[in-house]
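Okay, here's what each chain looks like letter by letter:
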2 protein chains.
Amino acid sequence: MASSSYSNSPCAACKFLRRKCMPDCIFAPYFPPEEPQKFANVHKIFGASNVSKLLNEVLPHQREDAVNSLAYEAEARMKDPVYGCVGAISVLQRQVIRLQKELDATNADLIRYACNEMPAANPQFARRMGHGRGFL
Amino acid sequence: MASSSYSNSPCAACKFLRRKCMPDCIFAPYFPPEEPQKFANVHKIFGASNVSKLLNEVLPHQREDAVNSLAYEAEARMKDPVYGCVGAISVLQRQVIRLQKELDATNADLIRYACNEMPAANPQFARRMGHGRGFL
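Residues numbered from 1 in each chain as written. Chains lettered and ligands numbered in written order. Predicted model: local features only at pLDDT ≥ 70, side-chain atom pairs only at ≥ 80, totals over all residues. Heavy atoms only, no water.

A.B. asks: Mind laying out the overall build of chain A, listing which residues take part and the relevant values?
C.D. replies: If you tally the helices and strands in chain A, you get 6 helices and 0 strands. The secondary structure elements of chain A, listed N-terminal to C-terminal, are α-α-α-α-α-α. Counting across all 136 residues of chain A, residues that qualify as buried make up 44%. By sequence separation, contacts in chain A at least 24 residues apart represent 45% of the contacts at least 6 residues apart. Taken as a whole, chain A presents about 7500 Å² of accessible surface, with 56% of it coming from carbon and sulfur. (Helix = DSSP H or I, 4+ residues; strand = E, 2+ residues; numbered from the N terminus. Buried < 20%, exposed > 50% of the residue type's maximum accessible area, 1.4 Å probe, protein only. Contact = heavy atoms within 4.5 Å. Areas by Shrake-Rupley, 256 points an atom, 1.4 Å probe, with all protein chains shown as cover.)

A.B. asks: Run through the interface of chain A and chain B, naming residues and quoting values.
C.D. replies: With 46 residues of chain A in contact, the opposing surface of chain B contributes 46 residues. Per-residue buried area on chain A facing chain B is highest for A:V82, A:L103 and A:L110; these three make up 14% of the total on that side. At the junction of chain A and chain B, the tally comes to 4 salt bridges. Counting the contacts that link chain A with chain B gives 12 residue pairs in polar contact (both at pLDDT 80 or more). A total of 19 residues in the side of chain A that touches chain B trace back to one element, the largest contributor, which is helix α5 (residues 86-114) of chain A. (Buried area = accessible area lost by both parts, 1.4 Å probe. Salt bridge = Lys/Arg side-chain N within 4 Å of Asp/Glu carboxyl O. Polar contact = N/O pair within 3.5 Å; in protein donor to acceptor, adjacent residues only side chain to side chain.)

A.B. asks: Any chance you could break down the relation of the copies chain A and chain B for me, citing the residues and the numbers?
C.D. replies: Each copy of the sequence occupies a distinct position, and chain A is placed on chain B by a rotation of 180° and an axial shift of 0.0 Å, giving an RMSD of 0.1 Å. In symmetry terms, the pair is related by a two-fold rotation axis. The C-alpha atom lying nearest the rotation axis in chain A is that of A:F46; the distance is 2.2 Å. (Least-squares fit on C-alpha atoms with pLDDT ≥ 70 in both.)

A.B. asks: Any chance you could break down helix α5 (residues 86-114) of chain B for me, citing the residues and the numbers?
C.D. replies: The end-to-end C-alpha distance of α5(B) is 42 Å, a good match for the 42 Å that 29 residues give at a rise of 1.5 Å each. Residue B:N116 follows α5(B) closely and has a positive phi angle near 65°. (Expected span 1.5 Å × (residues − 1).)

A.B. asks: Hey, could you go over helix α4 (residues 63-79) of chain B for me, with residue numbers and the actual values?
C.D. replies: For the α-helix, the turn length of 3.6 residues means that residues three or four positions removed from each other point alike. Over its 17 residues, α4(B) runs 24 Å from end to end, which matches the ideal 24 Å to within 8%, given 1.5 Å per residue. Those residues of α4(B) not exposed but buried are B:R63, B:A66, B:V67, B:S69, B:L70, B:A71, B:E73, B:A74, B:A76 and B:R77. Buried residues in α4(B) make contact with α3 (48-57), α4 (63-79) and α5 of chain A together with α2 (36-45) and α3 (48-57) of chain B.

A.B. asks: Can you lay out the pattern of salt bridges for me, pointing to particular residues and giving the numbers?
C.D. replies: Residue and element names in this part refer to chain A. Applying the stated rule across the entire model yields 10 salt bridges over all chains. One salt bridge in this structure joins K79 and E75, with 3.4 Å as the shortest N-O distance. Of this pair, K79 and E75 both sit in helix α4, separated by 4 residues, roughly a single helical turn. Look at K79 and you get exposed, because its relative accessible area is 67%. Assessed through its relative accessible area of 40%, E75 is described here as partly exposed. In this structure, R112 engages D109 in a salt bridge whose closest nitrogen and oxygen atoms are separated by 2.4 Å. With R112 and D109 both in helix α5, this residue pair falls 3 residues apart, about one helical turn. In this structure D109 comes out as buried when scored by relative accessible area, which is 0%.

A.B. asks: Can you tell me about the environment of B:R19, naming the residues and giving the values?
C.D. replies: Turning to its location among the elements, B:R19 is positioned in the loop between α1 (12-17) and α2. Beyond its immediate chain neighbours, meaning those up to four positions away, B:R19 contacts B:C14, B:C25 and B:F27.

A.B. asks: Outline the nonpolar core, supporting the account with residue identities and numerical values.
C.D. replies: The biggest cluster of nonpolar side chains holds 51 residues, and the ones touching the most others in it are A:F27 and B:F27. Where this core is concerned, the elements lending two or more residues are α1 (12-17), α2 (36-45), α3 and α4 of chain A together with α1, α2, α3 and α4 of chain B. Residues in contact with B:F27, not counting those within four places in the same chain, are B:C11, B:A13, B:L17, B:R19, B:F39, B:A48, B:V51, B:S52 and B:L55. Residues B:C85, B:L92, B:V96 and B:L103 belong to the second largest nonpolar core, which totals 14 residues. (Core = buried A, V, L, I, M, F, W, Y, C linked by side-chain atoms within 4.5 Å.)

A.B. asks: So what about the packing of aromatic side chains? Which residues, and what values?
C.D. replies: On inspection of all chains with the given rule, the structure shows 10 aromatic pairs over all chains. Note on A:F31 and A:F39: the rings are 5.2 Å apart at their centroids and 85° apart in plane angle, and the pair reads as edge-to-face. For A:F39, a relative accessible area of 0% gives the class buried. Feature note: the residues A:F16, A:F27, A:F31 and A:F39 constitute an aromatic cluster, connected by ring pairs. One cation-aromatic arrangement involves B:K38 over B:F31; the distance from NZ or CZ to the ring centre is 5.6 Å. (Phe/Tyr/Trp six-rings, centres within 6.5 Å; stacked < 30°, edge-to-face > 60°. Lys NZ or Arg CZ within 6 Å of the ring centre and 35° of its normal.)

Have a look at this one:
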């Protein structure tokens, strides 16, 4: 849920930018005063003006998701200035390739079993039986 | 490899920003004039000043990777303004969970076979034998 902290205190964005938080502030619903770091991060990485432009380009019901994905990207970039969240994509892509290979090999073992061969003679099968994820 | 298009034409960044491209231009090695869209994208999403700051914060040998990851993020955000490359992370995370479940189930079938049970009676196994990724 987007926060509706319009009340007394300015939103985290207006506080950061030292400006008056108006009732129609584009940032206020998504940057509550209790989370100052969220705005500080997206401001450092994308800039307040770019975030404001992007929020105006998407539909109101999409804005919370847009802000949260920007905040995720900004935090990732601050933790890893070289790769940002693209580093996480690379890790996940390698994990998908590894799991797919392991699944293909396990399926091949299963076919050999179904054909009454003895895959225990296969060193890769023996390794998986001993160390495979499913058996630990 | 970073391009070294210092020669006659200004780099894509300086051309975009309509400024003189100096020999020590921080953008020139990574934004060759032949790829104008690369700079246009990172400028729209991050802003030239933020990109320049980030390049100055990382080591020279890391700058090409940093620019390429920024260009990837920027392109993803332009294609999907709501989720950007965080959308790709979600897709990959779901794929990892699905593959891990499928691998666990296949390993369980394999164990049943190894214990001389007949997993063909198991509808999930039969489904995988018919439609599993490894068999198509």
